[in-house]
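In case you want the letters, here they are:
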Amino acid sequence: KGTRRRRDGDRFVTFVQSVDVKEVPHLKDLPQEEKNATWYTNADFEVIKRSIILTLRLMVAKKPVGSDQCTRGLEFRTPGGAKFRKQNQLE
């Protein structure tokens, strides 16, 4: 189940009695169609990069970011965020 805490704050670990095993096929045994659906293509990466650039431009301009865009992890990709991160690394 995972790590738990006792009332006194000490941690302890519990284990589940049953085990679920799932077989994972080797890459060479996957059909090409499934391989193509599993990994990003270069075109996928280009779309992702363009989307990130558009989101960063909105962030830098302090404009609202749409609900279909996510800023998580992009904070330090802005000029202000990069400067802040660099200052923290120097301290």
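Placed above this text is the structure.
If you're wondering where the values come from, they're calculated on a predicted model, not measured in any experiment.

(A) How the structure looks around helix α2 (residues 42-60). Between the first and last C-alpha of α2 there are 27 Å, a value that for 19 residues agrees with the 27 Å anticipated at 1.5 Å per step. Among the residues trailing α2, Lys62 stands out with phi positive, at a value near 55°.

(B) Expanded view of the side chain of Thr55. Its place among the elements puts Thr55 in helix α2. Those residues in contact with Thr55 that sit more than four places away from it in its chain are Val65, Gln69, Cys70, Thr71 and Leu74.

(C) Main features of the pattern of salt bridges. Considering all chains together, one arrives at one salt bridge under this definition. Between Lys49 and Glu46 there is a salt bridge, with the nearest N and O atoms lying 3.3 Å from each other. Taken together, the residues Lys49 and Glu46, both in helix α2 and three residues apart, mark about one turn of the helix. Among the residues examined, Lys49 registers a relative accessible area of 45% and is labelled partly exposed. By relative accessible area, Glu46 is classed as partly exposed at 36%.

(D) Representation of the environment of Gln87. For Gln87, the position within the fold is in helix α3 (residues 79-90). For Gln87, a relative accessible area of 41% gives the class partly exposed. When the C-alpha positions of Gln87 and Ala61 are compared, they lie 22 Å apart, and in sequence the two are 26 residues distant.

(E) Quick look at a nonpolar patch on the surface. On the surface, Tyr40, Phe45, Ile48 and Ile52 cluster together into a nonpolar patch covering about 380 Å² of accessible area. Structurally, the position occupied by Tyr40 is in the loop between α1 (32-38) and α2. The class for Tyr40 is exposed, based on a relative accessible area of 57%.

(F) Quick look at the side chain of Thr78. Note on placement: Thr78 falls in the loop between α2 and α3. One polar contact links the side chain of Thr78 to the main-chain amide nitrogen of Gly81, over a distance of 3.1 Å. In this structure, Thr78 is in contact with Leu56, Met59 and Val60, ignoring residues within four places of it in sequence.

Cut-offs used in this document
- Residues numbered from 1 in each chain as written.
- Predicted model: local features only at pLDDT ≥ 70, side-chain atom pairs only at ≥ 80, totals over all residues.
- Heavy atoms only, no water.
- Helix = DSSP H or I, 4+ residues; strand = E, 2+ residues; numbered from the N terminus.
- Expected span 1.5 Å × (residues − 1).
- Contact = heavy atoms within 4.5 Å.
- Salt bridge = Lys/Arg side-chain N within 4 Å of Asp/Glu carboxyl O.
- Buried < 20%, exposed > 50% of the residue type's maximum accessible area, 1.4 Å probe, protein only.
- Patch = residues over 30% accessible without salt bridge, like charges linked within 9 Å, V, L, I, M, F, W, Y side chains within 5 Å.
- Areas by Shrake-Rupley, 256 points an atom, 1.4 Å probe, with all protein chains shown as cover.
- Polar contact = N/O pair within 3.5 Å; in protein donor to acceptor, adjacent residues only side chain to side chain.

Geometry only, nothing functional implied.
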